[in-house]
Amino acid sequence: MKYHLQPVFIKCYTWEIVTTTISVPNNVCNDAWIYSFDLSLLPDVETVSIGSGSYKKVTDVKIDGLRKLKWISIGEESFTDMKTYSSYSFVLKNCPEITSLFIDSHAFSTYKSCTIENNSKMTSLTIGGNRLDYSYSFYYANLMLRSTREGVASPVDMDSLSTATFGTYAFYDCKYVTFESNSSCVRSHADLPNLQRIKLLYCAFYYNSNNMYSSLTLKGV
């Protein structure tokens with residue numbers, strides 16, 4: 001794919017896009033002008049693989065409505081600039097074919113929002129890696145993993161999820177963690193019926209004592 005066909009806000013000279021694949025190597029795309037990562041103009045993408053230490057200046061990640069997307073893998077320390085802490089956001093939603101999201105340690109460490117919605121075939125979710133070394137992914141963020149469909153007896157949107165793993169110090173300073181339905185439709189079964197394991201490594205979802213009001217919501221599992 002030539003540069004002029006890429007969305008200007010994610011264009012990077014190191015992108016290697018071959019029809020349906022996005023592959024980004026280590027330690028690239030860290031220029032200050034690359035501040036947004038939005039794949040909405042690349043509807044045919046099936047796989048996204050981002051190496052370690054890339055996209056450090058990006059403050060907004062939006063992966064929405066990619067109907068062919070199957071998996072995403074993001075390496076260590078990508079989307080993390082330890083010099084800044086702000087209301088950065090990560091959104092992954094409305095991707096009906098995605099089965100796996102893997103985010104390695106120290107990625108998204110300075111992001112304050114993580115929303116994952118309406119991904120009906122996702123079976124595996126890992127945020128912060130699965131090793132015992134420090135992760136810090138989404139250190140200051142709240143987590144929203146929920147169903148948002150409307151309408152009576154509509155299909156649940158995370159009904160394939162079976163395992164969810166959160167690395168050390170992931171979501172450490174959160175105020176709330178939500179696993180639930182967020183719609184008014186009538187349900188005949190659980191919103192996360194196949195969820196078998198939630199694995200929290202050391203100090204994940206710690207709820208820093210400075211937060212006077214905090215909550216953990218787990219419904220429809």
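All values derive from a computational prediction rather than experimental measurement.

(A) Fine view of the environment of Ala-164. Inspection of the secondary structure assignment puts Ala-164 in strand 12 (residues 163-166). Given the relative accessible area of 0%, Ala-164 is considered buried. Sequence separation between Ala-164 and Gln-196 is 32 residues; the distance between their C-alpha atoms is 8.7 Å. What Ala-164 contacts, discounting residues up to four positions off in sequence, is Leu-125, Leu-195, Arg-197, Ile-198 and Lys-199.

(B) Local environment of the pattern of salt bridges. Within the structure shown, the criterion is met by 6 salt bridges. Of the charged contacts, one joins Glu-46 and Lys-70 as a salt bridge, the two residues approaching to 3.8 Å between their closest N and O atoms. On the criterion of sequence distance, the pair formed by Glu-46 in the loop between strand 3 (36-38) and strand 4 (47-50) and Lys-70 in the loop between strand 5 (60-64) and strand 6 (71-74) is long-range, its members being 24 residues apart. The class for Lys-70 is partly exposed, based on a relative accessible area of 37%.

Rules used in this analysis
Residues numbered from 1 in each chain as written. Predicted model: local features only at pLDDT ≥ 70, side-chain atom pairs only at ≥ 80, totals over all residues. Heavy atoms only, no water. Helix = DSSP H or I, 4+ residues; strand = E, 2+ residues; numbered from the N terminus. Buried < 20%, exposed > 50% of the residue type's maximum accessible area, 1.4 Å probe, protein only. Contact = heavy atoms within 4.5 Å. Salt bridge = Lys/Arg side-chain N within 4 Å of Asp/Glu carboxyl O.

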